[in-house]
Amino acid sequence: MSDLRNIVVLTGAGISAESGIATFRGPGGLWEGHRVEDVCTPEALAADPIMVHRFYDARRAALASVAPNAAHDALARLDAEWPGGLLIVTQNVDDLHERAGATRMLHMHGELRSALCAACGERVVWHGDLPPGSVCATCSAGALRPDIVFFGEIPYEMERIEAALAECDLFVSIGTSGAVYPAAGFVQTARHYGAETLELNLDPSAGSVFFDETRLGAAGLLVPEWVAAMLD
């Protein structure tokens, strides 16, 4: 590992599950009788804004009862101590990486504690409920919505992510299913540019075949072990 300098880490739901982040999927994959996909699209927001805003209000409120776990803490340590390039790309919309202390990171699918103005594009930190029609302080439009990348929308900062993948020596995927694109294709991009690839997951992902190595187990155990090996 001594010749490695630039690292890209991708994290998914599996890293936050150990903190108790609820999936809001009840029996049959439903949330209050609705498919989760039906509250995570632009069409759903237009058709029933009250329901969609309530869904994200509930998820935002749930953040108060959870805390970063050992995997988040380990990545924050890597962030603080790794002398080379590092970018932590999370698919999660919680703030557990930040609360653990990570700074070299981005949220490709948005953030629960952020509101987006659909009229002017302004983003603002948001902690409480976000009722439909909430007014943007920048343009005065009643157009604030959850700052979440819905199904069918383009994830944030793709150019920055792709540039980091092209330059990394090691790509690590943690707690991801490997089924949601474009994130599922990051391992292939990194391999194309010559990076080593490592998967840390409870079970093999849909893209396990593309990784040089897959380690199976809980993120709270695997991630601290990997980070310690990188730094100690």
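Here, every reference points to the structure presented above.
Residues numbered from 1 in each chain as written. Predicted model: local features only at pLDDT ≥ 70, side-chain atom pairs only at ≥ 80, totals over all residues. Heavy atoms only, no water.

K.L.:
Tell me about the pairing of strand β1 (residues 7-11), and name the residues and values.
P.N.:
Summarising burial for β1: five of the five residues are buried, a large majority. Of the two faces of β1, the one lined by I7, V9 and T11 and the one lined by V8 and L10 are each fully buried. Examined bridge by bridge, β1 and strand β4 (residues 86-90) share five bridges and lie parallel to one another. Bridge pairing in β4 links I7 to L86. (Buried < 20%, exposed > 50% of the residue type's maximum accessible area, 1.4 Å probe, protein only. Helix = DSSP H or I, 4+ residues; strand = E, 2+ residues; numbered from the N terminus. Pairing = 2+ DSSP bridges.)

K.L.:
Any details on the sheet that holds strand β8 (residues 144-148)? Residues and values, ideally.
P.N.:
Across the sheet, three strands lie side by side as β7-β6-β8; this open sheet has antiparallel pairing. Every other strand in the sheet has two partners, leaving β7 (123-125) and β8 as the edge strands with one partner each. Strand-to-strand twist in this sheet, taken as the mean axis angle between neighbours without regard to direction, amounts to 45°. The pairing of strand β6 (residues 110-117) with β7 spans three bridges and is antiparallel. (Axes fitted to C-alpha atoms, helices over the stretch in contact; angles between N-to-C directions.)

K.L.:
Describe the nonpolar core, listing the residues and the values that go with them.
P.N.:
Formed by 24 residues in total, the largest nonpolar core has its most connected members in V9, L75, I174, V223 and W226. Among the secondary structure elements, those contributing two or more residues to this core are β1, α4 (70-81), β4, β9 (170-174), β10 (196-201) and α8 (219-231). Listed in part, the 18 residues of the second largest apolar core include V8, L87, L106 and A190. (Core = buried A, V, L, I, M, F, W, Y, C linked by side-chain atoms within 4.5 Å.)

K.L.:
Describe the packing of α4 against α8, with residues and values.
P.N.:
Contact geometry of α4 with α8 gives a least axis separation of 7 Å together with a crossing angle of 20°. Taken together, α4 and α8 sit at an angle that is classed as roughly parallel. As for how α4 packs across α8, the hand of that crossing is left-handed. Touching A70, A71, A74, L75, R77, L78 and E81 of α4 are A219, G220, V223, P224, W226, V227, A228, M230 and L231, all from α8. Taken together, the residues that form the contact of α4 with α8 break down as 13 nonpolar, one polar and two charged. (Parallel < 35°, antiparallel > 145°, perpendicular 65-115°, else oblique. Left-handed = near helix turned anticlockwise from the far one by under 90°. Contact = heavy atoms within 4.5 Å. Nonpolar A, V, L, I, M, F, W, Y, C, P; charged D, E, K, R; others polar.)

K.L.:
Tell me about the pattern of salt bridges, and please be specific about residues and values.
P.N.:
For the structure on display, the rule yields eleven salt bridges. R60 is the salt-bridge partner of D57, the closest N and O atoms lying 2.8 Å from each other. With D57 and R60 both in helix α3 (residues 49-62) and three residues apart, this pair spans about one turn of that helix. The exposure class assigned to R60 is buried, which follows from its relative accessible area of 2%. One salt bridge connects R104 with D79, and the closest N-O pair in it is separated by 3.1 Å. (Salt bridge = Lys/Arg side-chain N within 4 Å of Asp/Glu carboxyl O.)

K.L.:
Outline unusual backbone geometry, listing residues and values.
P.N.:
The peptide bond linking Y181 to P182 adopts the cis configuration, its omega dihedral lying at 10°. Looking at the secondary structure, you find P182 in the loop between β9 and α7 (186-192). At S140, a position not held by glycine, the phi torsion is positive, near 70°. Turning to its location among the elements, S140 is positioned in the loop between β7 and β8. Positive phi, close to 55°, is recorded for E157, a residue that is not glycine. Residue placement: E157 occurs in the loop between β8 and α6 (158-167). When its relative accessible area of 40% is taken as the criterion, E157 is described as partly exposed.

K.L.:
Can you tell me about the environment of I15, naming the residues and giving the values?
P.N.:
Tracing the sequence through the fold places I15 in helix α1 (residues 13-17). Remark: the alpha-carbon pair of I15 and A71, spanning 56 residues in sequence, is separated by 6.7 Å. In this structure, I15 is in contact with N69, A71, H72, L75, N92, H97, I174, G175 and A219, ignoring residues within four places of it in sequence.

K.L.:
So, the sheet that holds β4: which residues are in play, and what are the values?
P.N.:
Taken together, the six strands give an open sheet; going across it, the order is β5-β4-β1-β9-β10-β11, and neighbouring strands pair in parallel fashion. Pairing within the sheet leaves two strands with one partner each, and these edge strands are β5 (105-107) and β11 (213-216). Each strand of the sheet is rotated relative to its neighbour by a mean of 15°, with strand direction disregarded. Running at roughly 150° to β4, α4 makes contact with β1, β4 and β9 of the sheet.

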